[in-house]
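Coordinates in review
Okay, here's what each chain looks like letter by letter:
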Amino acid sequence: MNFIDELRWRGMLHNSTPGVEELLENEKPVAAYLGCDPTAPSLTIGNLASLMMLIHFQKAGHKPIALVGGATGMIGDPSGKSAERELKSVEVLHYNVAQQKKILQKLLDFDHPVNGAELVNNHDWFKDMPVLDFLRDIGKNLTVNYMMAKDSVKNRLETGLSFTEFSYQLIQGYDFVHLNKHKNCKIQFGGSDQWGNMTAGTELIRKMSAEGEETEAHAVTCPLITKADGTKFGKTESGAVWLSPELTSPYKFYQFWVNSSDEDVKRYIRIFTLLDKETIEALEVEHNEAPHRRVLQKQLAQEITTMLHGEEAYDIAIQASQILFGKGTKQTLRNLSEDDFLDIFRGVPQIEVSHTAVEEGINVVDLLAEATQLFSSKGEIRRGIKGNGISINKEKVSDSDMTITSDDLIANKYILLQKGKKSYGLAVVS
RNA sequence: GGGGAGAUACCGAAGCGGUCAAACGGGGCAGACUGUAAAUCUGUUGGCUACGCCUACGUAGGUUCGAAUCCUGCUCUCCCCA
C-alpha cells in the first residue's frame, strides 16, 4: 500500500496538491518536512497528529525532516488566531526549541542509513538574512493580493493584523524553498489549518526557480482532530496533554487515551497507532461485542504510550491505573515498594508535612488544606468529607475530626490524599 | 449632542428597606448507577479560629436602628433620536 493510500484509509488525509502520488511512486526515498512552532516548551497531542504523518512517511521508506521554527516562532502564525500574539523572548524560544527536539528524537528514527530522519531549525537560515535580501528575493515573488486572500489573513482584516504576522506566510514559505533547494525536500506536511502557509511555500518555489529548472513541490495536510461531543480535542480539565513526561506524566497520558469515547476511539486508533488495517478491524469487532471491556481504548493507549514513553513507563502507567481504579486498598498500597509507589504518583501534587506534626497527630482537614491544588478551602474539604468524597490511603474519611498519625504512613513517609475518584495528592513527611 | 435602560456570585438571571451569603437555570465539584464512558438521579457550590465572625450585589459617598434594595457623584455597557 502506498503512503497516500495509507493516510487515506486511516482518515489522515485532508488535502493534497495534485501529483503527490505519482511522485511517491516514481521516487524513493522522497524527503518531506513538517514544521513545529516553539510556542511552548513541549509539543501537544494536537501536534502529534501531523507528526504521525511524518512517522508513517518514514515507515513507507521515505525521508522525514522535522523542522523546529526558531525563526517562525519569533513572528507568530496568524492561522486560526483571532488576535495578535504576544511575542516570546528569544531565550524562551531557544529553550522551547531544545525541549521540542527531545520529543522529535523519540518519535523518529535518526540513524537509519537510507532514510534517517533529520532535524533542522529555520533560525539557522534566517538569522543572518538581511532585510533587503528578504524583500527583494522573497517578497517580490508574491503579491499582497495573493497573500491577503489567505483565510488566516482575511479573517483578521476586521480585528487587525500586524505586518509581522502578515509576513509569516513568506517566512514559512521560504523554509520550503530552502529545504527544497538544499535538502531536495519535495513535500510539506501540516494540519489543515496550515494549508494557506503551505501553498505559499509551493508557490514561492515555483516562482523562485530558475528558468527551465525542474522543481516539484507538494503540500499534504491532515484533518483537524475532533471529538464526537464537540469539545476541543487534546484538552483535559487540567490543561493540554503534552508529549513530554515532565509536563504530562506517562500515567496521565495513558489515562487520556483510555478515556476516549467509543465513537472517537475508532478514529484515533487509526491516526495515532501504526497498527495495520486487519488488526484494527479485528479489534473493532471485539470491541463491538463487549464495549465495556474497552479493548480499543486500551490498545490505543498502550501503543501510543509505548511509542512515546517506552515499555517501562507504560508498565508503570498500567500498574498505577490498577491501583487507582481497580481494587486498590490500603493493603496493596503498603505492599508496593517505595520506588514503585513514587513512580506511580510522580506528577501528582505533593505537599510537605513535618515529622513532628505527624508524630503528634494532625487533623485531616488541616492536612488536606495544605494541598491547595486539590482543595481551595477548608469548607470544601468539610463538604467533601460529608459527601463521602475524600479518602486517605484509599480509605474513605467519614469524620472531619479524624486524626492522622504515624500509623497512617506508607513506607514510613507518605500519605495518599484523594478527592473523588480521579484527583490525587501526596503528603511527604520530611 | 439629546433621551432612555442597565451593572447582582464562574456564566445567565430573579430580588427592589429587615426573615439575603442572595430564588431559579447553566457550569463546576462530589455521591449512586456504570465500562475509569454517555445518559440519569442525589447532594453541594464565598471564607474562617464556625450555633458566631469576616468579606461580598459596578465604584465613591449619603439617608436609615438597619441597604443588593432609597438618594447623589463617578465609571462602564446597551438602546433610541440627531
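The sections below set out a description of the structure shown in this document. Per-chain numbering applies: the sequence of each chain, read as written, is numbered from 1 onward. Chains and ligands are labelled by the order in which they are written, letters from A for the one and numbers from 1 for the other. A pLDDT threshold of at least 70 governs which residues receive local features in this predicted model, and a stricter bar of 80 or more applies before side-chain atom pairs are shown or counted, although totals over entire chains, interfaces and linings include all residues. Remark: hydrogens and water are excluded; side-chain values derive from all non-hydrogen atoms of the structure.

The next thing to look at is the sheet that holds strand S1 (residues 15-16). Spatially, six strands are ordered S1-S6-S5-S2-S3-S4 in an open sheet, and the strand pairing comes out mixed. This sheet does not close on itself; its edge strands, each paired only once, are S1 and strand S4 (118-121). Pairing of strand S5 (residues 185-191) with strand S6 (residues 218-222), which is carried by five bridges, proceeds in the parallel orientation. Among the inter-strand pairings, Gln-188 is bridged to a residue of S6, identified as Ala-219. Any two residues whose heavy atoms approach within 4.5 Å are treated as being in contact. Between N-to-C directions, angles cover 0 to 180 degrees, with each direction set by a line fitted to C-alpha atoms, over the stretch in contact for helices. Put simply, DSSP marks the helices as runs of H or I at least four residues long and the strands as runs of E at least two long, and each gets a number from the N terminus on. The sheet contacts of helix H5 (residues 90-107) involve strand S2 (31-36), strand S3 (63-68) and S4, and relative to S3 the element is tilted by about 160 degrees. Running over the sheet, helix H11 (residues 168-182) touches S2, S3, S4, S5 and S6 and is turned about 145 degrees from S5. Strands were regarded as paired on the criterion that DSSP finds at least two bridges between them.

Attention shifts here to helix H3 (residues 45-59). What a helix should span is 1.5 Å times the count of its residues minus one. The end-to-end C-alpha distance of H3 is 20 Å, a good match for the 21 Å that 15 residues give at a rise of 1.5 Å each. Maximum bend of H3: about 30 degrees, positioned at Leu-51. Of all 15 residues that make up H3, twelve are buried, and the element is covered over most of its length. Per-residue accessibility, obtained with a 1.4 Å probe over protein chains only, is compared with the maximum for each type, and a residue is labelled buried under 20%, exposed over 50%, and partly exposed between these values. Buried within H3 are the following residues: Ile-45, Leu-48, Ala-49, Ser-50, Leu-51, Met-52, Met-53, Leu-54, Ile-55, His-56, Phe-57 and Gln-58. Following H3 by one or two positions, Gly-61 adopts a phi angle in the positive range, close to 95 degrees. Values of bend correspond, residue by residue, to the angle between axes fitted over the seven residues ending at that residue and the seven starting there.

With an omega dihedral of -5 degrees, the bond running from Lys-28 to Pro-29 counts as a cis peptide bond. Turning to its location among the elements, Pro-29 is positioned in the loop between helix H2 (20-26) and S2. At Asn-184, a position not held by glycine, the phi torsion is positive, near 55 degrees. Examined against the element boundaries, Asn-184 turns out to sit in the loop between H11 and S5. Here the phi dihedral of Lys-394 falls at roughly 65 degrees; this positive angle occurs in a residue that is not glycine.

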